[in-house]
Amino acid sequence: MRYVGKPLPRLEDYHLLYGQARYVDDIELPGMLYAGFVRSPYAHARVRRVDASEALSMPGVVAVFTPQSGKPFDFAPGGKVRYQGEAVAMVVAVDRYALYDALEKVYVDYEPLPAVVDPVKAMEPGAPLVDESLGTNVSRREKYASGDAERALASSDKVVEEELVTNRVVPSAMEPHGVLASHDGKTLLIYDSTQKPHIVRREVARSLDVPLAAVRVIQPDVGGGFGSKIQVYPEEVRVAAAAMALRRPVKWIATRSEDFKMTTYGRGLMLRYKAGFTRDGVLKAIKGEVIADAGAYDWFGFDLAATAATMLPAAYKVRDLDIDAVSVLTNKPPLGPYRGAGRPEATFFIERIMDLIADETGLDPVEVRRRNLVPAGPYDNPLGLHYDSGEYLATFERGIAATGYYDLVRNAEAEKARGRVLGVGMSFYIEITTYGHEVAIVRAERDGSFTVAVGIAPHGQGDATGIAQLVADELQVPIERVRVVWGDTDAVPDGIGTDGSRSITAGGSAALLAARRLLEELKKAAEELLGGPATYSDGTFKSGDKSVTIGEVVEAVYRGKVRAQLEAMEVYKARATFPYGVGVVVVELDPETGLARPLLYRSYDDIGVVVNPLLVEGQIHGGALQGISQVLYEQVVYDQDGNLATPNFAFYHVPKATEAPRYEPRLAETPHRSDHPTGTKGVGEAPTVASAAAAIKALEDAIRRATGKRVRLRSTPVTPEEVYRLIHG
Amino acid sequence: MRIKVKVNGVWYERDVEPRKLLVHFLRDDLGIKSVRVGCDTGNCGACTVLLDGKPVKSCNLLAVQADGSEIITADYSDELMERLKRAFHERHALQCGFCTSGMLLASYALLKNKPKPTEEEIREGISGVLCRCTGYQNIVEAIKSAAL
């Protein structure tokens, strides 16, 4: 009976398959009202006046909250809106249809202002200011440096200067944002489509000045997040405030077009840099700046720039670095975390640089990486990160072999002879996962079954199954006797939630340690019952020829025969750990149209201990497509006035089943454990980190194979038009 | 307007506003929550139902347009639907589950018309439903295994 390592199908599936899922919009409370937001058509405008009188007289309208309503309805701070879609008022009505009628009848008098859309232009003197109080659009700039980059550049054989861009993308969780709040006089109950119920709880309590104990947040089924449901949006607080003010349940469900206007966007980073390297392909120095297109509010822009800056050296030996992390305000929705949050960008940048060195020196891309890789961890990255464990060079070599990289290249050559254009790209990545504390409670039930409550908040990853596997092993009981509950702040008092590939590592370790402590308690009780030192295995304590089952011990405690704690809570403080590996992408290019299709994603990942290979596989498949799709399909377009030209799925392309590759992931045969009790490192983001850098190289490779021309692709996405021009222009 | 529809084998008769979308009628009036709203442009397919056997996007139709029709949602149970659900579970063909109803119905319609589809036909058959979690391969594998 050992569950860890087994591909157990998910315990979460039943209710999702059998019509019993409850996403926020599926929940109805008696007397429930519907809320919606009036949003600015301008990217930048002064709000002179909001007139809600006509809306208030419409049938079914209960209330309209405007900037005059005071906190937390302080829409348009400083008297202006800063991006198209920023909320200026909130309408509450008895049903959806009445709501949408009324939203059109709130009149807002705007004075349009010049908008600034491009972060580079936003840094220029005289650019319109997004936030006048700062006196600049640069909201934060910090230097990350080591060694002497200038000197190392001067002594390099070759120096290249250019810009690399990872364009903004929309995380596109299939379920839009939504929240339902009610207040019963004692408790503010909030159902929220979030990745972080405890953070929502703290933010709502703080903003509305109510005790934490009076706020309960339930994360129902959540239809994906990918980082976009990490931020506590003002909408979440305002819906709760409206429920309190109106003394009725209030629900807000974003439409998809609304979601595109208010969700945090991902990526949106640029690297402007100079890199120096030797004619032998050894990277000597990078000097430059990572610029985040933070959007109208710097919620996360600087964090992304800083993460990308500090991860830029990856596991390469370069130690002369001088990187500024800069976040710049623009008239766009705020930038936020999206699957990998800074690590896919850092990997994209450094892997583009490795490919550049290969092109410039004429060396094989594999050889370039071989010459630059740090052999093994632990390794202190020059910008202050401690890489815990791994054999970077040996795993890279094994990854190249395991993915059959050279066979794929040879096959692409052979296919060319048959008139078919394929391209192959490869990347090495190292990424950082897991941070902060996490909380778990394990409770013994009277029949010897166990309830595990966790502060992590899975929403599709299947972590509850993984945690059940860990706890069942630790307690040596059948997994059917372990139930994992999550997403309810009443079940466990604190936690961070699910992001950063940390759930199994931080949440799992917390659960495992809580289970271990509970078992020690039960052992003491068993020894008291048995009258001597006991051993434990498979649910039974033995002392000499006497034995007692774990259920009997718990029952004895509940009946007051012996005393023991029947619940153990663990607050686990996690440290960062660093998964790494190799990703390979094959694309097929139609030179006539410029259209490329991904055919294959192969990977070789060292993610530490694998708790459930099925869950890992699921993460790799979906994550790889997100990275590839960033290169081939997903384009966010704004015009120069800050109008979003890609406001929904009709314009913004999320790949379909016909546009997805095959995935053939392999995991390292000898994984390097993290030092967490689970030994895991996390996998949710790794494939996204690896795949974008590999996909853009694959496209470059295909264009070269089609035309014989060596092209250099510097930004995502690479549209078919651009490819067409590169081929035919 | 008064309409009559048969949903998962049961007839319902209800008054609806002419402008009410079929998806809202199913969800709000009949309480069938497995039909989901993921977009407002007909692109995501989370609201897919079978209308007289054909997969349609219920957020692109008015409830009154369904008058007299037979609708099947993911809650429908027969041998094929059960086989599909089992295969989705065993092949790990769902993660957040939001697109799953639409996927099940698109694959149900596909296998009804073509019991042994090729991989290309499967991908084509479910291309009206977007999934952001799975990368599709396990869904395709599940449909293949349910087809056997």
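Residues numbered from 1 in each chain as written. Chains lettered and ligands numbered in written order. Predicted model: local features only at pLDDT ≥ 70, side-chain atom pairs only at ≥ 80, totals over all residues. Heavy atoms only, no water.

What follows is about the overall build of chain B. Helix and strand content of chain B: five helices and five strands. Helices and strands in chain B line up, N terminus first, as β-β-α-β-β-β-α-α-α-α. Taken over the C-alpha trace, chain B has a radius of gyration of 15 Å; the compact-globule value for 148 residues is 15 Å, and the two agree within 12%. Expressed as lengths along the three principal axes of its C-alpha atoms, the size of chain B is roughly 45 × 30 × 20 Å. Counting over 148 residues, chain B shows a buried share of 59%. Summarising the internal contacts of chain B: among those between residues at least 6 apart in sequence, 56% fall at separations of at least 24. Accessible area for chain B stands at about 5600 Å²; split by element, carbon and sulfur atoms hold 49% of it. Charged side chains in chain B number 21 positive and 19 negative. The centres of these two groups are separated by 2 Å. (Helix = DSSP H or I, 4+ residues; strand = E, 2+ residues; numbered from the N terminus. Rg over C-alpha atoms; globule rule 2.2 N^0.38 Å. Buried < 20%, exposed > 50% of the residue type's maximum accessible area, 1.4 Å probe, protein only. Contact = heavy atoms within 4.5 Å. Areas by Shrake-Rupley, 256 points an atom, 1.4 Å probe, with all protein chains shown as cover. Lys, Arg positive; Asp, Glu negative; His and termini not counted. Charge placed at Lys NZ, Arg CZ, Asp CG, Glu CD.)

Bringing the domain arrangement of chain B into the picture now. Residues and elements named next belong to chain B. Split into domains, chain B comes out as domain 1 (2–72) and domain 2 (79–146). Taken over C-alpha atoms, the centre of domain 1 sits 21 Å from the centre of domain 2. Opposite the 15 residues of domain 1 that make contact, domain 2 presents 10 residues. Of the roughly 960 Å² buried where domain 1 meets domain 2, counting both sides, 65% is carbon and sulfur surface. Here domain 1 is connected to domain 2 by zero salt bridges. Across the contact surface, domain 1 and domain 2 share three residue pairs in polar contact (both at pLDDT 80 or more). Counting residues per element, the ones that place at least two in the side of domain 1 that touches domain 2 are β3 (48–51) and β4 (54–57). Looking at the side of domain 1 that touches domain 2 element by element, the count peaks at three residues for β3. Residue composition of the side of domain 1 that touches domain 2, grouped by class: seven nonpolar, six polar and two charged. (Domains from an automatic or database assignment. Buried area = accessible area lost by both parts, 1.4 Å probe. Salt bridge = Lys/Arg side-chain N within 4 Å of Asp/Glu carboxyl O. Polar contact = N/O pair within 3.5 Å; in protein donor to acceptor, adjacent residues only side chain to side chain. Nonpolar A, V, L, I, M, F, W, Y, C, P; charged D, E, K, R; others polar.)

The sites that carry the UniProt feature "domain: Aldehyde oxidase/xanthine dehydrogenase a/b hammerhead" (unreviewed entry) are, in the present numbering, residues 18–114 of chain A. The annotated region residues 18–114 of chain A carries 12% helix and 35% strand content, and the separation between its end C-alpha atoms amounts to 52 Å. (UniProt positions renumbered as here; feature names shortened; annotations may be inferred.)

Now for the interface of chain A and chain B. Much of the literature gives interface size as the accessible area that the parts lose upon coming together. On the side of chain B, 42 residues touch chain A, which itself brings 54 residues to the contact. In total, about 4200 Å² of surface goes out of reach between chain A and chain B, with carbon and sulfur atoms giving 54% of it. On the chain A side of the contact with chain B, Leu17, Tyr97 and Met174 of chain A bury the most area, a combined 19% of that side's loss. Inspection of the region where chain A meets chain B yields 32 residue pairs in polar contact (both at pLDDT 80 or more).

All right, on to the domain arrangement of chain A then. Along its sequence, chain A is carved into domain 1 (31–112), domain 2 (373–432 + 576–728) and domain 3 (435–573). Relative to domain 2 of chain A, the C-alpha centre of domain 1 of chain A lies at a distance of 43 Å.

Side chains of residues three or four places apart in an α-helix project in the same direction, reflecting 3.6 residues per turn. Along its 12 residues, helix α2 (residues 79–90) of chain B runs 16 Å from first to last C-alpha, staying within 8% of the 16 Å computed at 1.5 Å per residue. Of all the positions in α2 of chain B, only Leu80, Met81, Leu84, Lys85, Ala87 and Phe88 of chain B are classed as buried. Buried residues along α2 of chain B cover an arc of 165° about the axis, so they all sit on one side. In this structure, the buried side of α2 of chain B is in contact with α1 (13–17) of chain A together with α3 (100–113) and α5 (137–147) of chain B. The opening residue of α2 of chain B, the one whose side-chain oxygen lies 3.2 Å from the backbone nitrogen of Leu80 of chain B, is Asp78 of chain B. (Expected span 1.5 Å × (residues − 1). Arc of directions from axis to C-beta.)

Of all hydrophobic cores here, the largest spans 158 residues; its most connected members are Ile353, Tyr392, Phe428 and Ile430 of chain A together with Phe88 of chain B. Here this core gets 11 residues from one element, more than from any other, and that element is helix α18 (residues 686–707) of chain A. In this structure Phe88 of chain B touches Leu17 of chain A together with Ala93, Leu94, Thr100, Met103, Leu104, Ser107, Ile139, Ala142 and Ile143 of chain B, once residues within four positions along its chain are discounted. Counting residues in hydrophobic clusters, the runner-up holds 49 residues, among them Val471, Val484, Val562 and Ala574 of chain A. (Core = buried A, V, L, I, M, F, W, Y, C linked by side-chain atoms within 4.5 Å.)

Take the layout of surface pockets next. Residue and element names in this part refer to chain A. The computed volume of the largest pocket comes to approximately 920 Å³. Asp499, Gly500, Ser501, Arg502 and Glu685 are, among the 50 residues lining the largest pocket, the residues nearest its centre. Along the lines of polarity and charge, the residues of the lining of the largest pocket split into 18 nonpolar, 22 polar and 10 charged. Counting contributing residues per domain, the lining of the largest pocket is built from domain 2 (373–432 + 576–728) and domain 3 (435–573), each supplying no fewer than three. Roughly 630 Å³ of internal volume is contained in the second largest pocket. For the second largest pocket, the lining is made up of 31 residues, of which Glu12, His15, Asp221, Val484 and Trp486 are closest to its centre. When residues of the lining of the second largest pocket are traced back to their parent elements, those giving at least two are α1, α14 (463–475) and β21 (482–486). The greatest single-element share of the lining of the second largest pocket, amounting to five residues, is contributed by β21. Split by residue class, the lining of the second largest pocket holds 15 nonpolar, nine polar and seven charged. (1 Å grid on protein atoms, 1.4 Å probe; cavity = no way out; pocket = protein on both sides within 12 Å on 5 of 7 lines; lining within 4 Å. Points joined across faces, edges and corners; volume = space filled by probe spheres on them.)

The next thing to look at is the packing of helix α10 (residues 343–361) of chain A against helix α11 (residues 365–372) of chain A. Residue and element names in this part refer to chain A. Here α10 crosses α11 at 115°, and the two axes come no closer than 9 Å. The orientation of α10 with respect to α11, classified from their angle, is roughly perpendicular. The way α10 lies across α11 gives a crossing that is right-handed. Here Glu351, Met354, Asp355, Ile357, Ala358 and Thr361 of α10 come into contact with α11, specifically with Pro365, Val368, Arg369 and Asn372. Tallied by class, the residues present in the contact of α10 with α11 amount to five nonpolar, two polar and three charged. (Axes fitted to C-alpha atoms, helices over the stretch in contact; angles between N-to-C directions. Parallel < 35°, antiparallel > 145°, perpendicular 65-115°, else oblique. Left-handed = near helix turned anticlockwise from the far one by under 90°.)

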